[in-house]
Amino acid sequence: MSIRTWLGCMAVLCVGALTSGCQTVKPYDYTNFHAHPPRSILVLPPLNESTAIEGTYGYLTTVTRPVAERGYYVFPVAVVDQFMKDNGLPTANEMQEAPLAKVAEITGADAVLFLDLKQYGAHYQVLSSVVTVEVFAKLVDTRTGILLWQGHGVAQQGSGGSGNILGDLISAAITQALNKHTDRAHQVSRLANANLFFPEETGLPYGPYSPKYDKAH
Amino acid sequence: MIRAVLVLGAGLALAGCAAPQSRYEWGSYEEVVYASYLSHEDVPAEKQVELLEKDYQVARSANRRMPPGWHAHLGYLYYQVGRGDQARQELMTEKAEFPESAVFMDRLLANVKKP
């Protein structure tokens, strides 16, 4: 075995070890969820702890699809946001602090999804940038206030170098310019959401509009 | 404008990839909602309405459902551009398609006064 082949094998083994390391996650305890299974979910704008102001809506506008595809009725996020603003709750913090009973009375939602955006955006290095989106989620029953489910989603997308220093410097400048326009973090949010909602043992269980909904619970 | 077009384009490309597994016609819904938070000169409300109406035609010809919240959002846009009758119609469609929305839709309908 040549040195090169050996290194290649080690690299593959390392990647394998890393991937399997990710899979040893403790299954979530869904007892509370199955005791109060929701049909409808109200998604409030996230608390934004990232350094990017645009993260609030750049992230919020990626949450409807995964939750709806999971099988729930998802209230129209922008309409809810505007309704709350018109009714004396101008910020995400104030919306998230509104009494649950009041939210249930106004919207009829079975559960509220509270989101906490920890990271949203790019870290620039000399030759590349890494876009990270990280979010924590809590689903709370509006009638009892019981925590039904919580999860954590994170995703990163990097742009690496090619080994050609001059070419890399030029393409890094172009990539940074493009990033400003396309808001890559908005797209990376979808990956973070897949990691948050879709894992079978820790994600959001299937809801009544899904053919995989478990009626036994 | 360039930004908005790129954002919409990226969204459409993603939507295209995921379309076969979806139970709803997503079209450009989430990107239109995102655009509504960006500068209004980029994608004015009339343009947002136009994009959603186009998606609805696609859905009808393919006999597919619009996602939860979609009709309510279109109703909200119609209201913004002064098309009250259509706004009410969309809010009622949302309620008919998804009974879970009834409480909220009734509240919005009470706000969208008849001319």
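Residues numbered from 1 in each chain as written. Chains lettered and ligands numbered in written order. Predicted model: local features only at pLDDT ≥ 70, side-chain atom pairs only at ≥ 80, totals over all residues.

### A word on the overall build of chain A
From N to C terminus, chain A includes nine helices and six strands. Here chain A holds 217 residues, and the buried ones make up 39% of them. (Helix = DSSP H or I, 4+ residues; strand = E, 2+ residues; numbered from the N terminus. Buried ≥ 20, exposed ≤ 12 C-beta atoms within 10 Å, placed from the backbone.)

### Section: the interface of chain A and chain B
Listed as interface residues are 26 residues of chain A and, on the opposing side, 27 residues of chain B. Elements that contribute at least two residues to the side of chain A that touches chain B include exactly α3 (55-60), α4 (64-69), β3 (73-74), α5 (77-86), α7 (100-107), α8 (165-182) and α9 (184-197) of chain A. (Contact = placed C-beta atoms within 7 Å.)

### What to know about the pairing of strand β5 (residues 129-141) of chain A
All names here are of chain A. Bridge count for strand β4 (residues 111-124) against β5 is 13 bridges, and the pairing is antiparallel. Residue Gly121 lies in a different strand from β5, and its bridge partner there is Thr132. Here β4 folds back onto β5 in antiparallel fashion, the turn holding four residues. (Pairing = 2+ DSSP bridges.)

### Here we look at the packing of helix α2 (residues 29-37) of chain B against helix α3 (residues 45-62) of chain B
All names here are of chain B. It is the contact of α2 with α3, at a shortest axis distance of 10 Å, that shows an interaxial angle of 175°. Classified by the angle between their axes, α2 and α3 sit roughly antiparallel to one another. Each of Tyr29, Val32, Ala35 and Ser36 in α2 lies in contact with α3, whose residues at this interface are Gln48, Leu51, Leu52 and Asp55. Residue composition of the contact of α2 with α3, grouped by class: five nonpolar, two polar and one charged. (Axes fitted to C-alpha atoms, helices over the stretch in contact; angles between N-to-C directions. Parallel < 35°, antiparallel > 145°, perpendicular 65-115°, else oblique. Nonpolar A, V, L, I, M, F, W, Y, C, P; charged D, E, K, R; others polar.)

### Focus on the confidence of the model for chain B
Residue and element names in this part refer to chain B. When pLDDT is averaged across chain B, the result is 84; 78% of the residues are at 70 or more. Put simply, helix α1 (residues 2-18) is where chain B has its lowest mean pLDDT, 46, and helix α5 (residues 84-97) is where it has its highest, 98. Here residues 9-20 scores under 50 on pLDDT; set against residues more than four positions off or in separate chains, the count is ten contacts. Across the interface, the model reports ipTM at 0.84; the global pTM reads 0.82. (pLDDT = per-residue confidence, 0-100.)

### Observations regarding the environment of A:Glu49
Residue and element names in this part refer to chain A. Relative to the helices and strands, Glu49 is located in the loop between β2 (47-48) and α3. Of the residues examined, Glu49 has 14 C-beta atoms within 10 Å and is grouped as partly exposed. Measuring from C-alpha to C-alpha, the distance between Glu49 and Gln119 comes to 6.9 Å, with 70 residues separating the pair along the chain. Ignoring any residue separated from it by four or fewer positions in sequence, one finds Glu49 in contact with Asp116, Leu117 and Lys118.

### With respect to the packing of helix α4 (residues 70-80) of chain B against α5(B)
All names here are of chain B. The contact between α4 and α5 brings their axes to 8 Å, and the two run at 170°. Considering their axes alone, α4 and α5 lie roughly antiparallel with respect to each other. Seen along the crossing, α4 lies across α5 with a hand that is left-handed. Two secondary-structure elements touch here, α4 through His71, Ala72, Leu74, Gly75, Tyr78 and Tyr79 and α5 through Gly84, Gln86, Ala87, Glu90, Leu91, Thr93, Glu94 and Glu97. Of the residues assigned to the contact of α4 with α5, the class counts are six nonpolar, five polar and three charged. (Left-handed = near helix turned anticlockwise from the far one by under 90°.)

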